[in-house]
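Overview (structure and organization)
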Amino acid sequence: MKLRVIFGVLFLLLISCNKQEKPVAAFYYWKTIFKLSAEEKQALQQNNISKVYIRYFDLDLHPKTQEPFPLSPVHFESKAENLTIVPVVYIKNKVMLKKGIDVDSLAKKTFDFIELINKKNGITCQEIQIDCDWTLASKSNYLKFIESFKKKSHKKLSATIRLHQVKYFEKTKIPNVDSGVLMYYNMGTIAPDSLNSIYDRRIAQRYIKSLKKYPLPLDFALPIYSWVIHIRDNKVIGLKSKIDIKELQNDTNFVQNQNNYYEVKHSNYKKGSFYRQNDILKVEIISKDDLLEMASDLEKNTAQYPKEIIFYDLDEFNLKNYEKNIFKQVLSCF
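Cut-off values and rules
- Residues numbered from 1 in each chain as written.
- Predicted model: local features only at pLDDT ≥ 70, side-chain atom pairs only at ≥ 80, totals over all residues.
- Heavy atoms only, no water.
- 1 Å grid on protein atoms, 1.4 Å probe; cavity = no way out; pocket = protein on both sides within 12 Å on 5 of 7 lines; lining within 4 Å.
- Points joined across faces, edges and corners; volume = space filled by probe spheres on them.
- Helix = DSSP H or I, 4+ residues; strand = E, 2+ residues; numbered from the N terminus.
- Nonpolar A, V, L, I, M, F, W, Y, C, P; charged D, E, K, R; others polar.
- Expected span 1.5 Å × (residues − 1).
- Buried < 20%, exposed > 50% of the residue type's maximum accessible area, 1.4 Å probe, protein only.
- Arc of directions from axis to C-beta.
- Core = buried A, V, L, I, M, F, W, Y, C linked by side-chain atoms within 4.5 Å.
- Contact = heavy atoms within 4.5 Å.
- Phe/Tyr/Trp six-rings, centres within 6.5 Å; stacked < 30°, edge-to-face > 60°.
- Lys NZ or Arg CZ within 6 Å of the ring centre and 35° of its normal.

1. As for the layout of surface pockets
Considering only enclosed or pocket space, the largest pocket measures out at about 650 Å³ in volume. Sorting elements by how many residues they give to the lining of the largest pocket places strand E12 (residues 235-241) first, with 3 residues. Class assignment for the residues of the lining of the largest pocket results in 9 nonpolar, 4 polar and 10 charged. What the second largest pocket holds in volume is close to 320 Å³. Asp219, Tyr305, Pro306, Lys307 and Glu308 are, among the 19 residues lining the second largest pocket, the residues nearest its centre. Secondary-structure elements contributing two or more residues to the lining of the second largest pocket are strand E3 (51-61), strand E8 (156-161) and strand E10 (218-223). The residue makeup of the lining of the second largest pocket, split by class, is 6 nonpolar, 4 polar and 9 charged.

2. Brief notes about helix H4 (residues 103-120)
For H4, built from 18 residues, the straight-helix expectation of 26 Å at 1.5 Å per residue is met to within 8% by its first-to-last C-alpha distance of 26 Å. Turning to H4, its buried residues number three or more, namely Val103, Leu106, Ala107, Thr110, Phe111, Ile114, Ile117 and Asn118. Angular distribution of buried residues about the axis of H4 spans 125°; they occupy a single face of the element. Summarising the geometry of H4, the exposed residues directed more than 90 degrees from the buried face are Lys109, Leu116, Lys119 and Lys120.

3. Overview of the nonpolar core
Of all hydrophobic cores here, the largest spans 94 residues; its most connected members are Tyr56, Ile130, Phe145 and Tyr184. In terms of residue count, the dominant contributor to this core is E3 (7 residues). If we ignore the near neighbours within four places in the chain, the residues touching Phe145 are Ile91, Met96, Val103, Leu106, Ala107, Thr110 and Ile130. One finds Leu248, Phe254, Leu281 and Val283 within the second-largest nonpolar core, a separate group that totals 9 residues.

4. Here's the deal with the packing of aromatic side chains
How two aromatic rings sit relative to each other is given by the distance of their centres and the angle of their planes. Inspection of the entire model under this criterion finds 24 aromatic pairs. Judged by centre distance (5.6 Å) and plane angle (65°), the rings of Trp30 and Tyr312 are edge-to-face. Note that Trp30 is positioned in the loop between strand E1 (24-29) and strand E2 (33-34) and Tyr312 in strand E18 (residues 308-312), a separation of 282 residues in sequence. Linked through ring pairs, Tyr28, Trp30, Tyr53, Tyr185, Tyr225, Trp227 and Tyr312 together constitute an aromatic cluster. Residue placement shows Lys167 over the ring face of Tyr207; its charged tip is 5.4 Å from the ring centre.

5. Some points on the environment of Leu218
Mapping Leu218 onto the fold places it in strand E10. With 39 residues separating them in the primary sequence, Leu218 and Ser179 have C-alpha atoms 5.9 Å apart. Residues contacting Leu218, with those up to four places away along its chain left out, are Ile161, Val166, Gly180, Val181, Leu182, Leu211 and Pro306.

Written out as structure tokens, the structure is:
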């Protein structure tokens, strides 16, 4: 009898160990000023989210010296209380394309600046994330930068990964990081045609099956943002963010032609932008069904379940487009 009990307990333990834990939700925060609104705080609380990936600064080339420099560093107007903060540094690919760049020096300066922001704002971080859409031409410098940065930081290091870097990883190589985050958005070209440049399942299907072969553990980043493409004479002349569709629908200067296209009937200024008669505004937005479809496709094609689903990005303008429980619905797909 005792042996049966012991074997029964061991069997239950084996089942519980093999059971896949559900991923948890997190947010990206991509503004230059950190100050959570009431709606943003509520979203964190209602979804039990305590981890936020904050863009600390971009790395760009100075227009005069052509040397790397930190662009638009974040300013904390409020404390990040009760939150686990992961600093994110976005590196423009042209930085890694620069000939003769001293990646060791750049890695040290980048880490030192992160630490300076942390110290100034009383933040202690255990993880840092590097965001760069590197190419074959910039691969060598980027991979060396990651190696150098990891040695200098002594912290968990993650990196963003694009779909093409998953499918062609033998050519693009894999950065020496602890984990990656698959950016499951910005899939197409910003263009006047009917395709959604933020998410198009037909484009995703060309790459997603490669996930099962990708050696690096991946979390997934999903979009909850929208934008409006300003078209004139069938050419893209601008990209507008945070335009309320209801405002367009209620404005007699604009007439809806198709589901996501609005024609300018009368030339006008709106929020500092000039719209000429016959201009077209193409609205690109991610619906609840899109998010659930993304999650379902990723779940079917991944070799190992993600630990986190990170939503881009935490902003009250984005949040109002979704049901309050949308994040829990997405997590339930895994």
